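Chains, contacts and geometry: an overview
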Amino acid sequence: MASNVGEPAKVYNDPIYAGIIGGTGLQSFSSFVPVATLNPTTPWGNPSSPISVLHYHSPVTSTTIPVAFLSRHGLHHELAPHEVPSRANIAALRTLGVRTIVAFSAVGSLQEDLKPRDFLIPDQIIDRTKGVRPFTFFEGGMVGHVGFGDPFDEALGKIVSKCGHSLIGDEVKLHNGGTLVCMEGPQFSTRAESNLYHSWGGTAINMSVIPEAKLAREAEIAYQMICMSTDYDCWHTSEAVTVEMVIGNMKANADNARRLVGAVLDELSKEEHQELVRAKHLEGQVKFAGTVTGKEGRSKEALERLHWLFPGYFT
Ligand SMILES: CSC[C@H]1O[C@H](OP(=O)(O)O)[C@H](O)[C@@H]1O
Ligand SMILES: Nc1ncnc2[nH]cnc12
């Protein structure tokens, strides 16, 4: 509930089905109305940042929907890609009710056609992280295997793809489909690596989609990343990527990101998408995917953690 003294409240009692994860250059969403600031804790620690509950009023459906916003690298970008507590982020969002996440990322382009400031809705991932980030909820005495052949949610991806009309600027394009390479970082790629990813047909590169997308799948959350191209990495003949380049292009494009989210929320607030926003198509999947471990082999600690995330799923 919103407090009436001008400050956002510290609790919010209604379910929040839609979540936004902001990345580099997108640490807040000031165009929506802040109604609560939540500081949840989880069995996997604290999320990257407080979670802001924002109200979005859709001019298309004349409804107001609550959205949970979380800043991936912290409020001031203090967390490196390998330090992002993705399990806590996804677990905290799920526990608030979130079943649909649109996640933003600044990416380097691996193909000529994807120009800096263009948007990309990827549909595949190549994982080049190094295994140093915690990447599953299922460990320590409870094994689980979820499908990840299509790492993004197809239905949600289609909705986001339909919203390209919201972007302004003659040159700005929204590209549908493509392969996102996720590297470990925090250093950018070598030129040999960048050439390799380009030759593989990778579309873009970042340091964030793994393990976020894997954990969202484990948490039965429909997840789509929206990539904003900021540079041509270093395979291209133009100037090699620098942080200034990334931040500069992100700042220039932040308005477009907000417009795109507005258009996506206009769609998601339609009656016909209510099952999707609640990820009804994913509900219960993990109950079966997570029953590999026989009852005698299940550890009490793992069961307790999973019970927190999926009450009633595992005994
Ligand atoms: C600041 S350049 C590299 C950094 O930018 C991207 O962050 P995010 O995905 O959170 O927007 C990329 O993944 C790297 O973490
Ligand atoms: N070139 C690049 N490599 C990895 N992550 C990035 N994020 C933005 N540009 C990037």
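Residues numbered from 1 in each chain as written. Chains lettered and ligands numbered in written order. Predicted model: local features only at pLDDT ≥ 70, side-chain atom pairs only at ≥ 80, totals over all residues. Heavy atoms only, no water.

Focus: the layout of surface pockets
Under the convention used in this document: Buried and open spaces are told apart on a 1 Å grid over the protein atoms alone, a cavity being a set of points where a 1.4 Å probe fits but cannot get out and a pocket being an open set with protein on both sides within 12 Å along at least five of seven lines. Residues with an atom within 4 Å of a point are the lining residues. Grid points are joined across faces, edges and corners, and a volume is the space filled by probe spheres set on the points. Labels follow the DSSP assignment, with helices taken as runs of H or I lasting at least four residues and strands as runs of E lasting at least two, numbered in each case from the N terminus. Ten residues, namely Ala, Val, Leu, Ile, Met, Phe, Trp, Tyr, Cys and Pro, are considered nonpolar, four, namely Asp, Glu, Lys and Arg, are considered charged, and the remaining ones, Gly among them, are considered polar.
In this structure, the largest pocket occupies an estimated 420 Å³ of space. Lining of the largest pocket is provided by 26 residues; of these, Thr 24, Ala 106, Phe 188, Met 207 and Val 246 occupy positions nearest its centre. Elements with a minimum of two residues in the lining of the largest pocket: β5 (100-109), β10 (204-206), β11 (222-231) and α5 (243-268). It is β5 that contributes the most residues to the lining of the largest pocket, 4 residues altogether. Its residues placed into classes, the lining of the largest pocket shows 14 nonpolar, 9 polar and 3 charged. The volume enclosed by the second largest pocket comes to roughly 190 Å³. In terms of lining, the second largest pocket is formed by 13 residues, of which the most central are Asp 123, Asp 153, Glu 154, Gly 157 and Gln 224. Top element by residues in the lining of the second largest pocket is helix α2 (residues 154-161). It accounts for 4 residues. Classifying every residue of the lining of the second largest pocket gives 3 nonpolar, 5 polar and 5 charged.

Quick notes on the UniProt feature "binding site: substrate" (unreviewed entry) in the protein chain
Stated precisely, the cut-off is as follows: UniProt positions are given in the numbering used here, feature names are shortened, and annotations may be inferred rather than shown by experiment. Classification of residues uses two cut-offs on accessible area relative to the type maximum, computed with a 1.4 Å probe and protein chains only: under 20% is buried, over 50% is exposed, and between them is partly exposed. Whether two residues are in contact is decided by their heavy atoms, any of which lying within 4.5 Å being enough.
Per the UniProt record, "binding site: substrate" (unreviewed entry) is found at Met 207, Asp 231, Tyr 232 and Asp 233. Lining the largest pocket, from this annotated set, are Met 207, Asp 231 and Asp 233. Mapped onto the secondary structure, Met 207 falls in the loop between β10 and α4 (209-218). Residue classification places Met 207 among the buried positions, given a relative accessible area of 13%. Apart from the residues within four sequence positions on either side, Met 207 is in contact with Pro 81, Arg 133, Cys 182, Met 183, Glu 184, Gly 185, Pro 186, Gln 187 and Phe 188. Topologically, Asp 233 is positioned in the loop between β11 and α5. The exposure class of Asp 233 is buried, given its relative accessible area of 3%.

Observations regarding the site of ligand 2
The cut-off we apply is this: Residues are counted as near a molecule or strand when any one of their heavy atoms sits within 4 Å of it. What qualifies as a polar contact is a pair of N or O atoms within 3.5 Å, subject to a donor-acceptor requirement within protein and to the restriction that residues adjacent in sequence count only when both atoms come from side chains. To decide whether a molecule occupies a pocket or cavity, check its atoms: if more than half lie within 2 Å of the grid points, it is inside.
Taken together, 13 residues form the shell around ligand 2, and within it Ala 106, Gly 108, Asn 206, Asp 231 and Asp 233 come nearest. The separation between a nitrogen atom of ligand 2 and a polar main-chain atom of Ala 106 is 2.9 Å. Asp 233 places a side-chain nitrogen or oxygen 2.7 Å from a nitrogen atom of ligand 2. Taking a 2 Å distance to the grid points as the criterion, the majority of the atoms of ligand 2 fall inside the largest pocket. The set of elements that each furnish at least two residues to the shell around ligand 2 consists of β5, β10 and β11. Grouping the constituent residues of the shell around ligand 2 by class yields 8 nonpolar, 3 polar and 2 charged.

Concerning empty space enclosed by the protein
The tally for this structure, following the rule as stated, stands at 3 cavities of 30 Å³ or more. Here the largest cavity defines a volume of roughly 60 Å³. Lining the largest cavity we find Ala 18, Gly 19, Ile 20, Val 67, Thr 100, Val 102, Val 261, Val 264, Leu 265 and Leu 268. Of all the secondary structure elements, the ones that give two or more residues to the lining of the largest cavity are β1 (18-22), β5 and α5.

Brief notes about the pattern of salt bridges
Close approach of charged atoms lets side chains of opposite charge pair. Defined as follows: A pair is scored as a salt bridge if a Lys or Arg side-chain nitrogen falls within 4 Å of a carboxyl oxygen belonging to Asp or Glu.
Within the structure shown, the criterion is met by 11 salt bridges. The salt bridge involving Glu 212 is made with Arg 72; its shortest N-O contact spans 2.8 Å. Placement of the pair is Glu 212 in helix α4 and Arg 72 in the loop between β4 (64-71) and α1 (86-96), with a sequence separation of 140 residues. Take Glu 212 and Arg 72: they sit in the same class, and that class is buried.

Thoughts on the UniProt feature "site: Important for substrate specificity" (unreviewed entry) in the protein chain
Taking the UniProt record as the reference, the feature "site: Important for substrate specificity" (unreviewed entry) is found at Ser 189 and Val 243. In terms of the greatest pairwise C-alpha distance, the residues named above, spread along 55 residues, form a tight cluster of at most 13.0 Å across. Set against the largest pocket, the annotated residues that line it come down to Ser 189 and Val 243. Here Ser 189 is to be found in the loop between β9 (179-183) and α3 (191-200). A relative accessible area of 10% places Ser 189 in the buried class. Setting aside its immediate chain neighbours within four residues, Ser 189 contacts Met 183, Ser 194, Tyr 197, Ile 205, Asp 233 and Cys 234. Tracing the chain through its elements places Val 243 in helix α5.

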